Amino acid sequence: MNSVKKIAMLMFIALPSVVYAGEAQVKWHDFNDYRDVRPSNQAKGSYHKQIAKSIDEHFAKLSEQLPKNYTLKIEVTDLDLAGDVRYGGVNEIRVVKPIHFPRIEFNYVLSDESGVVAQEDNVSLKDMGFMDKIKMGRDEAFYYEKRLLTEWFGEQVLPRIK
């Protein structure tokens, strides 16, 4: 048993250590100008704050995968949440059907201490088959939008890191 601990310690010490502590900065435009961020049974202002907070936290979580001194700046130019708000008797509810897929448009700049690593304007993401995929984390707010951003981050941002 003692030799297993020694081997584990040697592996831990011998492996190169990479510090991950990237940062994300998200800029939002006026939510009234976005395609579909309509609340169902919630005040518009608090719902918009909930969206911004949730997506900001998601970008912060994604940026933790970036090396130290990397910054991802995002400017969200349009947002269309999955589903559509419909009247359901007395209350309005967001009905999620395949025809109302999530869309997000933004500009981004990925930089490190030496300057810009990657930059793109007018990034347009949409997932027309969002309901055909396995859904892990069903109760998470804005799940489909976050999954869309996570896929983009893994395919477009992480490969650009030196």
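Please refer to the structure higher up on the page.
Residues numbered from 1 in each chain as written. Predicted model: local features only at pLDDT ≥ 70, side-chain atom pairs only at ≥ 80, totals over all residues. Heavy atoms only, no water.

Participant: Report on the pairing of strand β5 (residues 103-112), specifying residues and quantitative values.
Facilitator: Most of β5 is tucked away, with seven of its ten residues classed as buried. The pairing of strand β2 (residues 71-80) with β5 spans nine bridges and is classified as antiparallel. Residue pairing for β5: Glu75 is matched across the bridge by Asn107. Pairing geometry for β5 and strand β6 (residues 115-126), over nine bridges, is antiparallel. What sits directly across from Glu105, in β6, is Ser124. Here β5 hands over to β6 after two residues, the two strands then running antiparallel side by side. (Buried < 20%, exposed > 50% of the residue type's maximum accessible area, 1.4 Å probe, protein only. Helix = DSSP H or I, 4+ residues; strand = E, 2+ residues; numbered from the N terminus. Pairing = 2+ DSSP bridges.)

Participant: Can you tell me about the environment of Asp36, naming the residues and giving the values?
Facilitator: Within the secondary structure, Asp36 sits in the loop between β1 (23-28) and α2 (44-63). Take Asp36: its relative accessible area is 10%, and that puts it in the buried class. Spatially, the C-alpha atom of Asp36 lies 6.4 Å from that of Leu79, the residues being 43 residues apart in sequence. Beyond its immediate stretch of four places on either side in the chain, Asp36 contacts Leu79, Asp80, Leu81, Gly83, Asp84 and Arg94. (Contact = heavy atoms within 4.5 Å.)

Participant: Go over α2, please, and point to the residues and values.
Facilitator: Between the first and last C-alpha of α2 there are 29 Å, a value that for 20 residues agrees with the 28 Å anticipated at 1.5 Å per step. On its buried face, α2 is in contact with β1, β2, β4 (91-95) and α3 (143-157). (Expected span 1.5 Å × (residues − 1).)

Participant: So, the pattern of salt bridges: which residues are in play, and what are the values?
Facilitator: In the structure shown here, the tally under the stated rule is nine salt bridges. Among the ionic pairs, Arg38 bridges to Glu92, the shortest N-O distance being 2.9 Å. Here Glu92 lies in strand β4 and Arg38 lies in the loop between β1 and α2, a separation of 54 residues in the sequence. According to the relative accessible area criterion, Arg38 is partly exposed, its value standing at 36%. The class of Glu92 is buried, set by a relative accessible area of 16%. Its salt-bridge partner being Glu140, residue Lys146 comes within 3.2 Å of it at the nearest N-O pair. With relative accessibility at 9%, the residue Lys146 sits in the buried group. The network of salt bridges with shared partners includes Arg35, Asp78 and Glu105. (Salt bridge = Lys/Arg side-chain N within 4 Å of Asp/Glu carboxyl O.)

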